[in-house]
Amino acid sequence: ADLLGLVGFSWFLTLMFCVGGGLFGQRSWRAQQVASVGMQLFTTLQNLLINRYILFYSPPNRMGVYTGVLVVFITCFFLPIMGGVSAWIESGEDDTKDRFYIPLFWTSMAGVGVFLI
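The text that follows walks through the structure, step by step, so that each part is easy to find.

Cut-off values and rules
Residues numbered from 1 in each chain as written. Predicted model: local features only at pLDDT ≥ 70, side-chain atom pairs only at ≥ 80, totals over all residues. Heavy atoms only, no water. Core = buried A, V, L, I, M, F, W, Y, C linked by side-chain atoms within 4.5 Å. Buried < 20%, exposed > 50% of the residue type's maximum accessible area, 1.4 Å probe, protein only. Helix = DSSP H or I, 4+ residues; strand = E, 2+ residues; numbered from the N terminus. Contact = heavy atoms within 4.5 Å. Patch = residues over 30% accessible without salt bridge, like charges linked within 9 Å, V, L, I, M, F, W, Y side chains within 5 Å. Areas by Shrake-Rupley, 256 points an atom, 1.4 Å probe, with all protein chains shown as cover. Salt bridge = Lys/Arg side-chain N within 4 Å of Asp/Glu carboxyl O.

Quick word on the nonpolar core
One finds Leu6, Phe9, Leu13, Met16, Phe17, Phe42, Leu49 and Val112 forming the largest nonpolar core, which totals eight residues. Elements with a minimum of two residues in this core: α1 (5-23) and α2 (29-57). With five residues, α1 is the largest single contributor of residues to this core. Excluding residues within four positions of it along the chain, Leu6 makes contact with Leu49, Arg52, Tyr53, Phe56 and Tyr57.

Regarding a nonpolar patch on the surface
On the surface, a cluster of nonpolar side chains totalling about 490 Å² of accessible area is made up of Phe77, Phe78, Leu79, Ile81 and Met82. Of the residues examined, Ile81 reaches a relative accessible area of 38% and is grouped as partly exposed.

Treat this as a map of the structure, not an account of what it does.
Below you can see the structure in the form of structure tokens.
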């Protein structure tokens with residue numbers, strides 16, 4: 001993260017998210033391994049990005065407040081989305097891969113779009 005800087009590290013995470021989302025529906029063990037490793041790294045390194053953002057932009061005497069507000073905002077934003085996607089998956093009547101693939105694919109593509117903004 002220090003070598004790339006905050007913006008470069010954000011682009012690196014975006015690339016990992018795009019690779020994981022793009023390989024998610026491929027019927028190959030290698031593609032699934034790469035997608036799983038990419039998503040695991042993205043999830044872990046995203047926390048590092050958020051913490052570095054907080055360290056760079058929050059006032060020193062308000063770091064705890066800034067962190068709390070950011071966590072509450074992110075949670076309130078993503079919780080309904082996660083619930084909606086879970087309901088979308090559970091509403092599928094068939095047991096094919098499309099029941100899981102279509103909602104998760106479009107959710108990941110929306111995430112890529114938001115992350116690119």
